[in-house]
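# Topology and contacts: notes
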Amino acid sequence: MTPARQTIVAGTLLALTLLAGSAALPAAPGVAPPPTPAGPVAPVRLVSFDSCADALAELRAATAAHVRPWGFADDETTQPARRAIEDMPQAAGAPQDTAAAPQHSTTNVHERGVDEPDLVKTDGRRIVTVTGGVLRVADPATRRITGRLDLARDHADLRWAQHDLLLHGDHALVLTDVVTLPRPRTPVATDRLPAVAPAGTRLVLVDLAGAPRVLGTYQVQGRTVDARQTGATARVVVRSGARVTFPDLPGADEAARTTANMAAVAAAGIDAWLPAYEWTAGPERRAGRVGCDRLSRPATGTGSSVLTVLSFDLTADRLADGDPVSVAADADTVYGTGTALYLAGQRIAHGARPARPGLRPTGGPVTDIYQFDTGVTGRPRYVAAGSVPGWLVNQYALSEWAGHLRAATTTGVDERTSESGVHVLRREGNALVPVGTVTGLGRGERIWSVRYLGGTAYVVTFRQTDPLYALDLTDHATPRVTGELKITGYSAYLHPIAEGRLLGVGQEADRRGRVQGVQVSLFDVRDPAGPTRLDRWHLPGAWSSAEHDPHAFLHDPETGLVAVPVDEGVRLLRVSAEKITELGRVTHPSHAVSRSLLVDGVLWTVSEAGLQANDPVTTRSLAWLPSA
């Protein structure tokens, strides 16, 4: 997929939402963000374009706002709050049906029964990984590699790409973002070009019943935002930026370059935005492109990127065309339950675009939330939408419970303006209507982690100290703070380990908020008015990828084993009702350990170098299965 000419791919906006058809969709009321605590915002709804020409005109206009002399801007206005602070995790905890397989852990996900793609999958009978473009199947009983499949044999770009997996029965779905280095026709100021340009999302359906073999492939223009699997149905969300060829103008000044680039956007056809796809099944090969009849937009405005949602049946012998639907909008968060999919995207209220390029727009961030019915297979059906002020730290800020959606957000971006709150929404017709709100959490701080346990929420905010807030959400109309614990440092990920116990993974910090190394905290939250910390484990100067990727966290509720990646290895801890005890450390030769899992009482760890089996109590090595 090497372009004949230099092509810059717009990658600065994240896209949002699905469409269950092309009909116009009704509005939902919303709430405005600071500087005032509350107020009306533009109604949220999805609408169809009047025609392909109408879609093209709006896409050109939205994209032109991000044109700069050297391509598309890495525009701060697209994520105003997140540009001021670093992004936070995406994930965590849920077991699946183990059938007759040996007892085993599963990917740490947000909601029970809704799987998320990860670097490794196991069903107890097999462990599946992909490294260096090679899929490997390991038998945990015999501790041998039993199958290999080179997915990069005809695709060199796959050799160094990251691969994620979904697993159902004897079928594995491999999700890969294929990237290539940009190849300009003439020497240019490469520091002004994006580091990489996405060549597409590639999906491979693999049969694992015998020797691994490819059943089918699917490639679409764009990059994966996220995916969710419920039962045998996988839904993959892909974002596509505008694919516009900008002219080479050696020696031209910035004004001339900008003018020429704007002209290139104005001349681009609809194919520059609507993603093309190709799928194969054995010798069969078919190609297509998302049609204008599958494209919609929020009534609040058209985005310059396009989000496409694909649905696949993992029991089938092919991926087919994915039944694509697309929306021109912004998004960064995907949250799924067994029957619903929520997609949330941030926008700027009160004037979304600056008066001229380079200026920050006025107004605060607002998060639009779209709900889709995924209770049946096939294309999801849009059911409702709503808005909350502020922005979400990750998918854990959302939770569906007792017919309501809870959303924890932060408004403002610094100690003068920031505070957080939890908003409770209820579906009324096709609107997600606010029914209760509690605000004023962590003034001058921002949310680092959220965990909902039924009618209770735990919210961690931080700037210099770490308030752990306990909130009672059982009365949807009057949510309230019941308790607060202030300690140094923060928890970036919260995990329930037993009734009334919560484990936090994050960083210790001094009184001025300067981080001092990874810490794991054990909280007693039985008393909603007085949460306490019972114990902590701290390693000065260290870091943990679980702070940013909860898929890397492992907890076995039966034994109390906790595996936390720390620096290049994994620290094994035993957590009881009152205490944290370190058991030891597991490392791999020359590579950082990225994942841990348990199969039949044996700890398996994963890195680019291979798979290792250890005794989880003594940390004694039992087997090493190298990737090479």
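Everything discussed here concerns the structure shown above.
Report follows, based on the coordinates.

In terms of helices and strands, the protein carries three helices and 44 strands. The burial tally for the protein puts 58% of its 628 residues in the buried class. Relative to all contacts within the protein whose residues are 6 or more apart in sequence, the contacts with residues 24 or more apart total 56%. Put simply, the protein shows about 24300 Å² of open surface, and 51% of that area lies on carbon and sulfur atoms.

Our focus in this paragraph is the pairing of strand β34 (residues 501-509). Residues in a regular strand point their side chains to alternate faces of the sheet. Judged by how many residues are buried, β34 sits mostly within the fold: nine of nine residues are covered. Pairing of strand β33 (residues 490-498) with β34, which is carried by seven bridges, proceeds in the antiparallel orientation. What sits directly across from Y490, in β34, is Q507. The turn linking β33 back onto β34 is made up of two residues, and G500 within it adopts a positive phi angle of 80°. The sheet contact formed by β34 and strand β35 (residues 515-524) spans nine bridges and is antiparallel. The residue of β35 that forms the bridge with G506 is Q519. Counted along the chain from β34 to the antiparallel partner β35, the turn is five residues long, and its residue G513 has a positive phi close to 90°.

Moving on, we get to the nonpolar core. A general tendency of soluble globular proteins is for nonpolar side chains to be buried together. In this structure, I369, V422 and L471 are the most contacted members of the largest nonpolar core, which totals 29 residues. With 20 residues, the next largest nonpolar core counts A272, L274, C292 and L295 among its residues.

If you check helix α1 (residues 52-64), its first and last C-alpha atoms are 18 Å apart, about what 13 residues at 1.5 Å a residue would give, namely 18 Å. Where α1 is concerned, the buried positions are A55, L56, L59, A62, T63 and A64. Lining the buried residues of α1 we find β3 (67-68), β4 (71-72), α3 (254-267), β18 (295-298) and β19 (306-313).

To continue, consider the packing of α1 against α3. Put simply, α1 and α3 touch, their axes get as near as 9 Å, and they point 160° apart. Viewed along their axes, α1 and α3 adopt a mutual orientation that is roughly antiparallel. Here α1 and α3 pass one another in a crossing that is right-handed. In contact with R60, T63 and A64 of α1, α3 contributes M262, V265, A266 and A267. Taken together, the residues of the contact of α1 with α3 break down into five nonpolar, one polar and one charged.

This paragraph deals with the environment of A256. With respect to the secondary-structure elements, A256 resides in helix α3. Given a relative accessible area of 34%, A256 falls into the partly exposed group. The spacing of A256 and P69 is 187 residues in sequence and 7.8 Å in space, taken between C-alpha atoms.

Conventions adopted
- Numbering of residues starts from 1 in each chain and follows the order in which that chain's sequence is written.
- Since the coordinates come from a predicted model, pLDDT governs what is reported: local features require at least 70, and pairs of side-chain atoms require 80 or more to be given and counted, while whole-chain, interface and lining totals use all residues.
- The side-chain numbers reported here are obtained from all heavy atoms of the structure, hydrogens and water having been left aside.
- Here a helix means four or more residues in a row that DSSP labels H or I, a strand means two or more in a row labelled E, and each is numbered from the N terminus.
- Throughout this description, buried means an accessible area under 20% of the type-specific maximum (1.4 Å probe, protein chains only), exposed means over 50%, and partly exposed covers the range between.
- Any two residues having at least one pair of non-hydrogen atoms within 4.5 Å are treated as being in contact.
- Note on areas: these come from Shrake-Rupley sampling with a 1.4 Å probe, and a residue is covered only by the protein chains present in the view.
- Pairing between strands is defined by DSSP: at least two bridges between the two strands are required.
- Here, nonpolar core refers to any group of buried Ala, Val, Leu, Ile, Met, Phe, Trp, Tyr and Cys residues whose side-chain atoms link them within 4.5 Å.
- Each residue after the first adds 1.5 Å to the expected span of a helix.
- Between N-to-C directions, angles cover 0 to 180 degrees, with each direction set by a line fitted to C-alpha atoms, over the stretch in contact for helices.
- In this scheme, roughly parallel covers angles under 35 degrees and roughly antiparallel covers those over 145, while 65 to 115 is roughly perpendicular and the rest are oblique.
- What makes a crossing left-handed is the near helix being turned counterclockwise from the far one by less than a right angle; a clockwise turn instead makes it right-handed.
- Asp, Glu, Lys and Arg are counted as charged, while Ala, Val, Leu, Ile, Met, Phe, Trp, Tyr, Cys and Pro are counted as nonpolar; the rest, among them Gly, fall into the polar class.

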